[in-house]
Amino acid sequence: MTNTTSIWIDLASFLGHALENTRAVATWSSLPWILGWVTLTVMGPVVAVKVVYRTLQTLMSWAFSSDSGLRGKIVLVTGASSGVGEAVAHALYRRGARLILASRNTQKLNDLKEILLKTYKVEEVHVPTVVKLDLEDINSIPGVVTGLLTSHGHIDILINNAGMSYRGAVIDTDVSVDIRLMVVNYFGHVALTKALLPSMVKRKSGHIVGVSSLQGKLALPFRSCYSASKHAMQGFYDSLRAEVADSKILVSVVSPGYISTNLSLNAITKDGSTYGISDKANAEGMKPETVAESIVNCLLSGQEDMVLAPAVHQLGVILHTLTPTLISRYMKHRANQNRKEMIAVDKEK
Ligand SMILES: NC(=O)c1ccc[n+]([C@@H]2O[C@H](COP(=O)([O-])OP(=O)(O)OC[C@H]3O[C@@H](n4cnc5c(N)ncnc54)[C@H](OP(=O)(O)O)[C@@H]3O)[C@@H](O)[C@H]2O)c1
């Protein structure tokens with residue numbers, strides 16, 4: 001008999017006794033204890049294994065890597081004009097990396113370049129390159145990459161970070177919105193990765209990092225195409241990682257929870273218009289600098305899958321695998337709450 005089976009049999013007999021021997025009121029009052037017991041017995045070993053694994057990984061990364069591992073590395077960061085990408089640019093520049101800053105807004109990228117040059121004293125100054133990149137313009141991507149390979153010779157690290165979010169209900173969202181989200185968050189990164197891959201394979205070296213989201217592991221209501229794009233990203237990189245391992249190319253997926261950036265402000269809605277609201281969850285989320293330091297850790301340690309979120313959100317991902325029905329019930333409840341909030345927001349607009 002497996003441990004899990006015996007746990008459920010114990011639980012059933014415990015519940016049976018509880019029903020036989022006590023009145024309904026007493027059973028209800030023991031419910032928190034039962035839930036606590038189930039959580040500890042089922043989740044305890046899972047969490048313990050994860051904590052030991054993560055601790056070992058962190059120790060290994062401290063033992064075998066140092067910041068100097070990034071010195072002189074040529075790193076292409078997409079979405080560097082704001083939020084996580086901007087913070088990653090700071091974290092890498094001060095460690096001596098040679099940066100290529102990419103996004104649509106070259107004015108912001110040039111401002112960032114000046115700030116980096118003024119703020120940090122580095123051993124060897126590598127003036128960051130600014131490049132205009134619109135992921136929606138898929139056909140332009142190979143040309144941009146060819147230009148960068150010609151000017152830089154090669155690219156060591158690609159950080160596929162650029163992205164946009166979405167707020168809306170499936171039923172009234174125009175399909176053009178779904179397509180746009182998928183192009184920016186998924187196909188754009190696929191095109192960039194494909195354009196760069198042959199050069200990495202030829203050199204038998206490279207690291208590709210996809211900045212996904214916790215929503216790439218657990219879909220939320222009213223975020224359908226965002227969640228779908230991040231799930232797609234996870235699948236693409238998981239496949240790619242296995243394919244390019246023999247070419248010594250590393251592939252990592254970083255999945256953060258809420259971060260305090262402009263993501264919700266810039267999110268698009270059912271008709272493609274901008275959402276324009278900074279959600280409380282985002283505003284109260286992690287600092288982009290914290291996420292950037294974790295991405296640096298990922299580069300140094302080669303960690304393949306990194307989830308950055310409070311324990312309760314990580315628990316949601318684990319429960320989604322262990323008991324999907326429970327999470328599905330929670331999401332239905334959450335959808336009802338979100339619907340009311342969205343109606344209130346629509347009225348305010
Ligand atoms: N904030 C969160 O709560 C959160 C949580 C989990 C994951 N993430 C992920 O983190 C990544 C960075 O987002 P952020 O939070 O830093 O948001 P952000 O501050 O809005 O930054 C988004 C970046 O993506 C770029 N971008 C958007 N559309 C683009 C396009 N068509 N072509 C090229 N670049 C484009 C923007 O640059 P331009 O406007 O200059 O083009 C900007 O630099 C995203 O992939 C997001 O999904 C964010």
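Residues numbered from 1 in each chain as written. Predicted model: local features only at pLDDT ≥ 70, side-chain atom pairs only at ≥ 80, totals over all residues.

A. Highlighting the overall build of the protein chain. A count of helices and strands for the protein chain gives eleven helices and seven strands. Relative to its full complement of 349 residues, the protein chain shows a buried share of 32%. For the protein chain, long-range pairs separated by at least 24 residues make up 74% of all intrachain contacts whose partners lie at least 6 apart in sequence. (Helix = DSSP H or I, 4+ residues; strand = E, 2+ residues; numbered from the N terminus. Buried ≥ 20, exposed ≤ 12 C-beta atoms within 10 Å, placed from the backbone. Contact = placed C-beta atoms within 7 Å.)

B. Region of the structure containing the sheet that holds strand β4 (residues 157-160). Across the sheet, seven strands lie side by side as β3-β2-β1-β4-β5-β6-β7; this open sheet has parallel pairing. At either margin of the open sheet sits one strand with a lone partner, and together these are β3 (129-132) and β7 (305-308). Taken over all neighbouring pairs, the strand axes of this sheet differ in orientation by 15 degrees on average, direction set aside. For β4 and strand β5 (residues 206-211), the ladder comprises four bridges, and the chain directions are parallel. From the neighbouring strand, Ile159 faces β5, where its bridge partner is Val209. On the sheet, helix α7 (residues 224-244) packs against β5 and β6 (249-256) and is oriented at approximately 160 degrees with respect to β6. (Pairing = 2+ DSSP bridges. Axes fitted to C-alpha atoms, helices over the stretch in contact; angles between N-to-C directions.)

C. Fine view of the site of the ligand. Residues in close proximity to the ligand total 31 residues, the closest being Gly79, Gly83, Arg104, Asn105 and Gly163. Examining the composition of the shell around the ligand, we find that three residues originate from one element, helix α3 (residues 83-93), more than from any other. Residue classes in the shell around the ligand are distributed as eleven nonpolar, 16 polar and four charged. (Near = placed C-beta within 6 Å. Nonpolar A, V, L, I, M, F, W, Y, C, P; charged D, E, K, R; others polar.)

D. Structural view of the nonpolar core. If you look at the biggest cluster of nonpolar residues, it comprises 68 residues, and the most contacted ones within it are Val77, Val88, Ala89, Leu101 and Ile159. Among the elements that take part in this core, helix α6 (residues 175-203) stands out by supplying eight residues, more than any other. Non-local contacts of Ala89, meaning those with residues more than four positions away in its chain, are made with Val77, Ala80, Leu99, Leu101, Leu112 and Leu116. (Core = buried A, V, L, I, M, F, W, Y, C linked by C-beta atoms within 7 Å.)

E. Spatial organisation of the UniProt feature "transmembrane region" (unreviewed entry) in the protein chain. Taking the UniProt record as the reference, the feature "transmembrane region" (unreviewed entry) is found at residues 33-53 and 74-93. With 100% helix and 0% strand, residues 33-53 has its two end C-alpha atoms placed 29 Å apart. Its end C-alpha atoms 10 Å apart, residues 74-93 is made of 55% helix and 25% strand. (UniProt positions renumbered as here; feature names shortened; annotations may be inferred.)

F. Quick peek at helix α4 (residues 106-119). Here α4 is 14 residues long and its end C-alpha atoms lie 20 Å apart, about the 20 Å a rise of 1.5 Å per residue gives. Residues of α4 that are buried: Leu109, Leu112, Lys113 and Leu116. All buried residues of α4 lie within an arc of 105 degrees about the axis, which places them on one face of the element. Of the exposed residues in α4, the ones pointing more than 90 degrees away from its buried face are Gln107, Glu114 and Lys118. At its buried positions, α4 is contacted by α3, β2 (98-103) and β3. (Expected span 1.5 Å × (residues − 1). Arc of directions from axis to C-beta.)

G. Region of the structure containing unusual backbone geometry. The phi torsion at Lys204 lies on the positive side, around 50 degrees, for a residue other than glycine. The residue Lys204 is located in the loop between α6 and β5 in this model. Here Lys204 falls in the exposed class, since 11 other C-beta atoms lie within 10 Å of it. For Lys248, which is not glycine, the phi dihedral falls at a positive 60 degrees. Mapped onto the elements, Lys248 comes out in the loop between α7 and β6.

H. Highlighting the pairing of β3. Bridging between β2 and β3 involves four bridges; their strand directions are parallel. Its bridge partner being in β3, Leu101 is matched across the sheet by Val130. As for the winding sense of the linkage, the β-α-β connection from β2 through α4 to β3 is right-handed. (Right-handed = clockwise from strand over helix to strand, strands pointing away.)

I. Region of interest: the packing of α3 against helix α9 (residues 288-301). The interhelical angle for the contact between α3 and α9, taken along N-to-C directions, is 55 degrees, at an axis separation of 8 Å. Comparing the axis directions of α3 and α9 gives the class oblique. Considering the relative orientation of α3 and α9, their crossing is right-handed. Across the interface between the two elements, Gly83, Val84, Ala87, Val88, His90, Ala91 and Leu92 from α3 touch Pro288, Glu289, Val291, Ala292, Glu293, Ile295 and Val296 from α9. Classifying every residue of the contact of α3 with α9 gives ten nonpolar, two polar and two charged. (Parallel < 35°, antiparallel > 145°, perpendicular 65-115°, else oblique. Left-handed = near helix turned anticlockwise from the far one by under 90°.)

J. Broad picture of the environment of Ile74. Its place among the elements puts Ile74 in strand β1 (residues 74-78). Between the C-alpha atoms of Ile74 and His154, which are 80 residues apart in sequence, the distance is 7.5 Å. Other than its neighbours up to four places away in sequence, Ile74 contacts Arg98, Ile100, His152, His154, Ile155 and Asp156.

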